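# Observations on the three-dimensional arrangement
What follows is the residue order along each chain.
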Amino acid sequence: MASKVLDGGWGWVIVVASFMAQFLAYGSPQSVGVLYPEWLHAYQQGKGLTAWVGSLVAGVGLIASPICSACVENFGARPVTVFSGVMVAGGLMLSAFAPNVEFLIFSYGIVVGLGCGLVFAATLTITCQYFDKRRGLALGIVTTGTSVGAFTYATAQNELIVLYGLDGCLLIIGALALNLMACAGFMRPLNMPGYYLKQKAALERTTEDQVFEKPPLGDLTITGGSTTAAPEKILTVKELLVTIDAKDLTTQTMKKKGSFFSGLDIIKVAKEKQQAYSRYINSISEILQDQAMVAFCIGVFMFSLGAFPPVLFIEDVAQSQGLIEEVSLIPLVSIGAIATCVSKLGLGILVDIRWINSIYLYAFTMFAGGVALLIIPITNSYVGLQILSATVGFANGNWSLTSYITTKIVGLEKLTQAHGIVMFFGGFGIMLGPPVVGWFFDWTQSYDLAFYFSGIFVLLGALLLTLLTIPCWNKKHPENDRPEVHYTSNCDKVASVA
């Protein structure tokens, strides 16, 4: 890939297309708090059960991020975005005909959630391929699409519900999500995806007795610039897939030849597969032996579990406390989305300042969010809830720091596996948070205890993250090790984080 195409030209078209893709996909899921009171009224189910809809649509995509990333690496961003458009639009339209909450959990929570995960992986991957020096700016613009979508969709869904009802609202936003296919049309690939590489390699087999050998590591990796590779590097997902398919072709060739030792060869292939996966598992265990990494995973989990519920429950809190009769023209969800958008850009600028410790900056956002959660139950005015929504929204912008901190802790070589672990903990916390708060309400008929629990949980996470990453405890990763050079050294490494 020529360096001339990077950092400009068609790359900015990719940025706009990716921004719109995240806007269309995440607009409704990020503003699901507007739909939550409507679902409570329509289905008359407990708040804990109904909360699973919002928690799954936000958490499933994060937990499945390694699978979504593998799909993008093997089939390319354009086909995956087209398929995700079908999933997101189909899930939203199916939700309009949901007979009960259980069906809604599947159609909106799982189907739409997985579609959003595919969009996230595809947009970040294609953006990384087109940008090198300006990659941080490009990714910052693309990821703000979720926050802008949440702000816009929160107000739009309110108006659509008034005009066409809940079912009509879901059908209309589902139809809008079909425009994801149009966004995919602009995602012109720079590199051949892994699936096509395997097909090309298979076509180049000229004789039946030719053994398909695993190519060098440099041939397996599709990079946006760098061609360097460590010989002892852990196998990537793409490399594993190519290797497994290659060995399957070898086994088939042996069967066609009727080799007497085919059974022994199959056993050998199985052992090699087992060794490849064992090396991958060992790399995961090595990452989890790092104290700073474990502390960060715990912090992300505790913050996600405690700070995400306000996104879903804040409108219901205002109505249940009698602070507002109906949802205002600018909902609390929209205010939080605006604050999150500003936070993503602001924290991205702050973290580039050399004397600012990125881990402590993340812990500070956790502390601010935890204090805001503790104040929500004692707030007696709608203006107060607006301020607290903005505070929690600003704290939620710390998601933009996760890949930066992960790279600082483990380095670029283990970034793919490490960031997958972090996303798993974050997605697991997001999935559990709203149901836990809903169950607290069903038990006490009040949100007070639930928000006290969430606030204390987040503050405890901030304290643990701060204490466990004190330099004297972990001298392996000094703060002055600047990771920004690593971000531009290998596009696939950063892209696979999606």
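Residues numbered from 1 in each chain as written. Predicted model: local features only at pLDDT ≥ 70, side-chain atom pairs only at ≥ 80, totals over all residues. Heavy atoms only, no water.

### What about the overall build of the protein?
Secondary structure assignment for the protein yields 22 helices and zero strands. Put simply, of all contacts in the protein between residues at least 6 apart along the chain, 84% involve residues at least 24 apart. A total of about 21,500 Å² of accessible surface is found on the protein, and carbon and sulfur atoms cover 67% of it. (Helix = DSSP H or I, 4+ residues; strand = E, 2+ residues; numbered from the N terminus. Contact = heavy atoms within 4.5 Å. Areas by Shrake-Rupley, 256 points an atom, 1.4 Å probe, with all protein chains shown as cover.)

### Some points on helix α20 (residues 448-468)
Under the 1.5 Å per step criterion, the end-to-end length of α20 is 30 Å for 21 residues, consistent within 8% with the ideal 30 Å. Among all positions of α20, only Ala-450, Phe-451, Ser-454, Gly-455, Val-458, Gly-461, Ala-462 and Leu-465 are buried. Burial along α20 is one-sided: seen end-on, the buried residues are contained in an arc of 130 degrees. (Expected span 1.5 Å × (residues − 1). Buried < 20%, exposed > 50% of the residue type's maximum accessible area, 1.4 Å probe, protein only. Arc of directions from axis to C-beta.)

### As for helix α18 (residues 402-410)
For α18, the buried fraction is high: eight of the nine residues fall into the buried class. Taken residue by residue, α18 has Thr-402, Tyr-404, Ile-405, Thr-406, Thr-407, Lys-408, Ile-409 and Val-410 as its buried positions. Just past α18, the residue Gly-411 takes up positive phi, approximately 90 degrees.

### Considering unusual backbone geometry
One non-glycine residue, Gln-44, lies in the positive phi region at around 55 degrees. For Gln-44, the location among the structural elements is in the loop between α2 (32-43) and α3 (47-63). With relative accessibility at 60%, the residue Gln-44 sits in the exposed group.

### Focus on the packing of aromatic side chains
Taken as a whole, this structure holds 10 aromatic pairs when the rule is applied. With centroids separated by 6.4 Å and ring planes inclined at 75 degrees, the aromatic side chains of Tyr-26 and Phe-120 adopt a geometry described as edge-to-face. Of the two residues, Tyr-26 is situated in helix α1 (residues 10-30) and Phe-120 in helix α6 (residues 101-130); the sequence distance between them amounts to 94 residues. Each ring, one from Phe-303 and one from Tyr-362, has its centre 6.3 Å from the other, and the planes form 65 degrees; the classification is edge-to-face. (Phe/Tyr/Trp six-rings, centres within 6.5 Å; stacked < 30°, edge-to-face > 60°.)

### Some words on the environment of Thr-407
Locating Thr-407 in the fold gives a position in helix α18. The spatial distance from the C-alpha of Thr-407 to the C-alpha of Ala-418 is 8.4 Å, given a sequence separation of 11 residues.

### So, the confidence of the model for the protein
On average, the protein scores 76 in pLDDT, and the residues at 70 or more come to 71%. A low-confidence stretch, residues 253-261 stays under pLDDT 50, and its non-local contacts, those more than four residues away or across chains, total seven contacts. (pLDDT = per-residue confidence, 0-100.)

### Considering the side chain of Thr-340
In this structure, Thr-340 sits in helix α15 (residues 332-350). Classification of Thr-340 by relative accessible area gives buried; the value is 12%. Side-chain polar atoms of Thr-340 contact the backbone oxygen of Gly-336, separated by 2.9 Å. Contacts of Thr-340, omitting those with residues within four sequence positions, involve Ser-147, Gly-393, Phe-394, Asn-396 and Gly-397. (Polar contact = N/O pair within 3.5 Å; in protein donor to acceptor, adjacent residues only side chain to side chain.)

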